Amino acid sequence: MQRRSALLAALAAGALSLAALPVFARCENVAPGPKPQNTTREFVGQTMDEIIDRGSLNIAVYDDFPPYSWLDGDTPRGVDVEVGRILAEALGVTPEYRFVQAGENLQTDLMAYIWRGTVQKEPVSNVMMRVPYDSEFTCLVEQVVFTGQYAAEEIAIAYRRDAYPDAVEGDDPRHEGAPVPAYFRFDTVAVENDSIADFYLTSFPGGQIGDSIHRFKSMAQAMEALSAGETMAAMGPRAQLQFSATDGVAVHQPPLPGFARARWTVGIAIHTSHRDLAYTLDDAIAAALADGRIAEAYAVYGLTFGPPDR
């Protein structure tokens, strides 16, 4: 989905900073959005007591976004579905998943699904998954608590082993002899259109990579092209590469010179009026990180877990 990719491209460009700034100074020069009190009461959502009384936690996850969240028939699947189950269990309730579409930007998604509701007057969800955490961005949206950082995502490169027969795989995620960005001056590479990887390769020094980039509507389609032999490599978020990798395809993480945002943290978003819920779910994630349940959620789908930069 291109909206998610556009946000990450903004991170790569440095428009948003992932660096942790002192709390007292972080928001001094950042103009916030509309004040939380401008939110109408009917869209605020339910308190933690009401959630427990009802017996279910409404969780917004992105639709058709493997390996993070998608519907397998009528069955919710994905890493974020598993983490959402952990959150619901911490409250002693059942998870109720709401598969949502990505909007123009993250602010639009948060407004629609967390603090105001959609234009169709659909109510907000109690929690939204896979929200990229950014220290400055948290100052812009005062209606939302950004908490529960549960994983880190990183950019990696997938490659066909037959295209790089000299690549040496081992414990080091940087496979010796495997492709690095400079190779793509001559070698073909698949990316999701307007994604963070597309942004990076297009901006590579000297603009030398342009003709080698093959763009697709999704990372899954880019990986299908790689597996079919249409390109020699693919570049994008490691989890998406790993999930779609077929026999004969390997994934590695080479140095990415000039890439300011090759790694970012994801967490959850909750309406600011429900801080007790935010604290409780943050504690639940901290416990699941400590005992390995979140790492296990990644392992279920054959993914390498990256702990968050908490």
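Everything below is about the structure shown above.
A brief look at the structure comes next. All of these numbers come straight from a predicted model, not from anything done at the bench.

**Describing the overall build of the chain**
Move 1: A count of helical and extended segments in the chain gives 11 helices and 11 strands.
Move 2: For the chain, the residues scored as buried account for 51% of the 310 residues in total.
Move 3: Taking as baseline every contact in the chain between residues at least 6 positions apart, the subset at least 24 positions apart corresponds to 75%.
Move 4: Looking at the chain as shown, the accessible area adds up to about 13700 Å², and 50% of this sits on carbon and sulfur atoms.

**Considerations on the nonpolar core**
Within soluble globular proteins, side chains that are nonpolar tend to cluster in buried spots.
Move 1: In this structure, Leu110, Tyr150 and Met235 are the most contacted members of the largest nonpolar core, which totals 77 residues.
Move 2: Here the element with the most residues in this core is strand β6 (residues 144-160); it accounts for 8 residues.
Move 3: Ignoring anything within four residues of it in the chain, the contact list for Leu110 reads Trp115, Met128, Phe137, Val141, Val144, Phe146 and Ala269.
Move 4: Listed in part, the 13 residues of the second largest apolar core include Ala190, Phe216, Leu226 and Val249.

**Considering unusual backbone geometry**
Move 1: In this model, Pro66 is joined to Pro67 through a cis peptide bond whose omega is 5°.
Move 2: As for its position among the elements, Pro67 is in the loop between β1 (56-62) and β2 (70-72).
Move 3: One non-glycine residue, Asp194, lies in positive phi territory at about 60°.
Move 4: With respect to the helices and strands, Asp194 occurs in the loop between β7 (189-192) and α7 (196-202).
Move 5: Exposure remark for Asp194: the relative accessible area of 43% places this residue in the partly exposed category.

**Remarks on the environment of Thr147**
Move 1: Turning to its location among the elements, Thr147 is positioned in strand β6.
Move 2: Spatially, the C-alpha atoms of Thr147 and Tyr279 are 8.1 Å apart, while their sequence positions differ by 132 residues.
Move 3: Other than its neighbours up to four places away in sequence, Thr147 contacts Gly267, Ile268, Ile270, Ala278 and Asp282.

**Structural notes on helix α11 (residues 293-300)**
Move 1: Among the residues of α11, Ile294, Ala297 and Tyr298 are the ones counted as buried. Down the axis, α11 shows its buried residues gathered within 95° of arc, on one side only. Opposite the buried face of α11, by more than 90 degrees, sit the exposed residues Glu296 and Val300.
Move 2: Among the structural elements, α4 (79-91), β5 (127-132), β6 and α10 (275-291) are those in contact with the buried residues of α11.

**Some points on the environment of Ala297**
Move 1: Within the element layout of this structure, Ala297 appears in helix α11.
Move 2: Assessed through its relative accessible area of 5%, Ala297 is described here as buried.
Move 3: Expressed as a C-alpha distance, the spacing of Ala297 and Val81, which sit 216 residues apart in the sequence, is 9.0 Å.
Move 4: Not counting chain neighbours up to four residues away, the residues in contact with Ala297 comprise Val79 and Glu82.

**Topic: the pattern of salt bridges**
Side-chain pairs of opposite charge can arise whenever the charged atoms involved come near each other.
Move 1: Applying the stated criterion across every chain yields a total of 11 salt bridges.
Move 2: Of the charged contacts in the structure, one is a salt bridge between Asp80 and Arg130, with a shortest N-O distance of 2.8 Å. Pair noted here: Asp80 is in helix α4 and Arg130 is in strand β5, with a separation of 50 residues, a long-range link. Just as Asp80 is buried, Arg130 falls in that class too.
Move 3: A salt bridge links Arg161 to Glu169; its shortest N-O distance comes to 2.5 Å.

What counts and how
- Residues numbered from 1 in each chain as written.
- Predicted model: local features only at pLDDT ≥ 70, side-chain atom pairs only at ≥ 80, totals over all residues.
- Heavy atoms only, no water.
- Helix = DSSP H or I, 4+ residues; strand = E, 2+ residues; numbered from the N terminus.
- Buried < 20%, exposed > 50% of the residue type's maximum accessible area, 1.4 Å probe, protein only.
- Contact = heavy atoms within 4.5 Å.
- Areas by Shrake-Rupley, 256 points an atom, 1.4 Å probe, with all protein chains shown as cover.
- Core = buried A, V, L, I, M, F, W, Y, C linked by side-chain atoms within 4.5 Å.
- Arc of directions from axis to C-beta.
- Salt bridge = Lys/Arg side-chain N within 4 Å of Asp/Glu carboxyl O.

These results come straight from atomic positions and should not be treated as a statement about function.
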